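# Close look at the chain arrangement
The chain contents come next:
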Amino acid sequence: GDSVTQTEGPVTVSESESLIINCTYSATSIAYPNLFWYVRYPGEGLQLLLKVITAGQKGSSRGFEATYNKETTSFHLQKASVQESDSAVYYCALGDSSNYQLIWGSGTKLIIKP
Amino acid sequence: NSKVIQTPRYLVKGQGQKAKMRCIPEKGHPVVFWYQQNKNNEFKFLINFQNQEVLQQIDMTEKRFSAECPSNSPCSLEIQSSEAGDSALYLCASSRTDSGNTLYFGEGSRLIVV
């Protein structure tokens, strides 16, 4: 079936260090998967961080980037130097472009140590 | 700040009571979703609408849950007879028809069934 697996949290990283949150997907019934990272900051609603709809492309936003890798079925989220304000819960999601459905990972809580 | 407005932010209901949540989608977004997010951060899709018409819904939604998106009024999700297992964060999201699976979320309504 279709599924998303991401790094189990919480993940703790010191400020200015690099970050990677792994996301792998299975899209057996989706012909043209779209891939997303959403983020929920403390006290705020879930919001889109970045999305990529074409395999091989990279998306980036707020210093984060993720590459849609069809060969490894991965969409890992990376940032070279995290800030305290990056503390949040990050969700990887898989979309089916033929309908509006999203399949969600279980979320990764990121804690940044000052 | 979210442009999708959900009310109330919190509601506490006894088992067997009705629980009703409302959502005003972002202006110009004809597609509206309801998700249930449990304490393990897992998302469960409940129902979605395009304008006033139901696009998809799961079995649970057909039985104890009811939802509507009337024209010129907020969308709503109602649980007819709340159960302890319904305690969760209920998320409303909206989307344009041409944005693929990009969803814009409200901050959610947290239901506690005691």
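Refer to the preceding data block for the structure.
To keep things clear, this report deals only with the structure shown in the data block.

## Focus: the overall build of chain A
- Along its length, chain A carries zero helices and 12 strands.
- Along chain A, from the amino end to the carboxyl end, the secondary structure elements read β-β-β-β-β-β-β-β-β-β-β-β.
- Seen through its C-alpha atoms, chain A measures out along the principal axes to roughly 45 × 25 × 20 Å.
- Counting all 114 residues of chain A, 46% fall into the buried class.
- Restricting the contact set of chain A to residue pairs at least 6 apart, pairs at least 24 apart contribute 56%.
- Carbon and sulfur atoms make up 47% of the accessible area of chain A, which amounts to about 5,400 Å² in all.
- Separation between the mean location of the 8 positive side-chain charges and that of the 10 negative ones in chain A comes to 3 Å.

## Some remarks on the sheet that holds strand β8 (residues 75–79) of chain B
Residue and element names in this part refer to chain B.
- What the four strands build is an open sheet, ordered β1-β3-β8-β7; its pairing is antiparallel. Looking at the sheet topology across the chains shown, the edges are occupied by β1 (5–7) and β7 (65–68). Sheet twist, expressed as the mean angle between neighbouring strand axes with direction ignored, is 15°.
- Of the pairings in the sheet, the one linking β1 to strand β3 (residues 19–24) comprises three bridges and is antiparallel in character. Among the inter-strand pairings, Thr7 is bridged to a residue of β3, identified as Arg22.

## Focus: the environment of Gly16(B)
Residue and element names in this part refer to chain B.
- Structurally, Gly16 is set in the loop between β2 (10–13) and β3.
- We classify Gly16 as partly exposed; its relative accessible area is 43%.
- Taking the C-alpha atoms as reference, Gly16 lies 9.3 Å from Ala84; in sequence the two are 68 residues apart.

## Let's talk about the interface of chain A and chain B
- Between chain A and chain B, the contact holds 22 residues from the first and 25 residues from the second.
- In total, about 1,700 Å² of surface goes out of reach between chain A and chain B, with carbon and sulfur atoms giving 50% of it.
- The largest contributions to the chain A side of the interface with chain B come from Tyr100(A), Gln101(A) and Trp104(A), which together make up 40% of the buried area.
- Counting the contacts that link chain A with chain B gives six residue pairs in polar contact (both at pLDDT 80 or more).
- Secondary structure elements with two or more residues in the side of chain A that touches chain B: β5 (33–40), β6 (47–52), β10 (88–96) and β11 (102–104) of chain A.

## As for unusual backbone geometry
- Following Gly9(A), the chain continues into Pro10(A) via a peptide bond in cis, with omega recorded as 0°.
- Considering the arrangement of structural elements, one finds Pro10(A) in the loop between β1 (3–6) and β2 (11–14).

## Comments concerning the state of the cysteines
- Scanning the entire structure with this criterion turns up three disulfides over all chains.
- Here Cys23(A) is linked by a disulfide to Cys92(A), with a sulfur-sulfur distance of 1.9 Å. Judged by the sign of its S-S torsion, about -70°, the cystine formed by Cys23(A) and Cys92(A) is left-handed. Here Cys92(A) lies in strand β10 and Cys23(A) lies in strand β4 (residues 23–26), a separation of 69 residues in the sequence.
- Residue classification places Cys92(A) among the buried positions, given a relative accessible area of 0%.
- Two residues, Cys23(B) and Cys92(B), share a disulfide whose sulfurs are 1.9 Å apart. Between Cys23(B) and Cys92(B), the S-S dihedral sits near -70°, and the bridge is therefore left-handed. Of this pair, Cys23(B) sits in strand β3 while Cys92(B) is found in strand β9 (residues 88–95), placing the two residues 69 residues apart along the sequence. Cys92(B) matches Cys23(B) in its accessibility class, with the two residues each being buried.
- Counting only the cysteines that take part in disulfides, in the order they occur along chain B, gives the pairing 1-4, 2-3.

## Details of the environment of Val31(B)
- Inspection of the secondary structure assignment puts Val31(B) in strand β4 (residues 31–37).
- Note: C-alpha distance between Val31(B) and Arg110(B) (79 residues apart in sequence) is 22 Å.

## Some details on the pattern of salt bridges
- This model, assessed by the stated rule, comprises five salt bridges over all chains.
- Salt-bridge contacts for Lys79(A) lead to Asp86(A); the nearest nitrogen and oxygen are separated by 2.8 Å. The exposure classification of Lys79(A) matches that of Asp86(A), with both residues buried.
- Linked through salt bridges whose partners overlap, the residues forming this network are Arg64(B), Glu83(B) and Asp86(B).

Definitions and limits used
Residues numbered from 1 in each chain as written. Chains lettered and ligands numbered in written order. Predicted model: local features only at pLDDT ≥ 70, side-chain atom pairs only at ≥ 80, totals over all residues. Heavy atoms only, no water. Helix = DSSP H or I, 4+ residues; strand = E, 2+ residues; numbered from the N terminus. Buried < 20%, exposed > 50% of the residue type's maximum accessible area, 1.4 Å probe, protein only. Contact = heavy atoms within 4.5 Å. Areas by Shrake-Rupley, 256 points an atom, 1.4 Å probe, with all protein chains shown as cover. Lys, Arg positive; Asp, Glu negative; His and termini not counted. Charge placed at Lys NZ, Arg CZ, Asp CG, Glu CD. Pairing = 2+ DSSP bridges. Axes fitted to C-alpha atoms, helices over the stretch in contact; angles between N-to-C directions. Buried area = accessible area lost by both parts, 1.4 Å probe. Polar contact = N/O pair within 3.5 Å; in protein donor to acceptor, adjacent residues only side chain to side chain. Disulfide = S-S within 2.5 Å. Salt bridge = Lys/Arg side-chain N within 4 Å of Asp/Glu carboxyl O.

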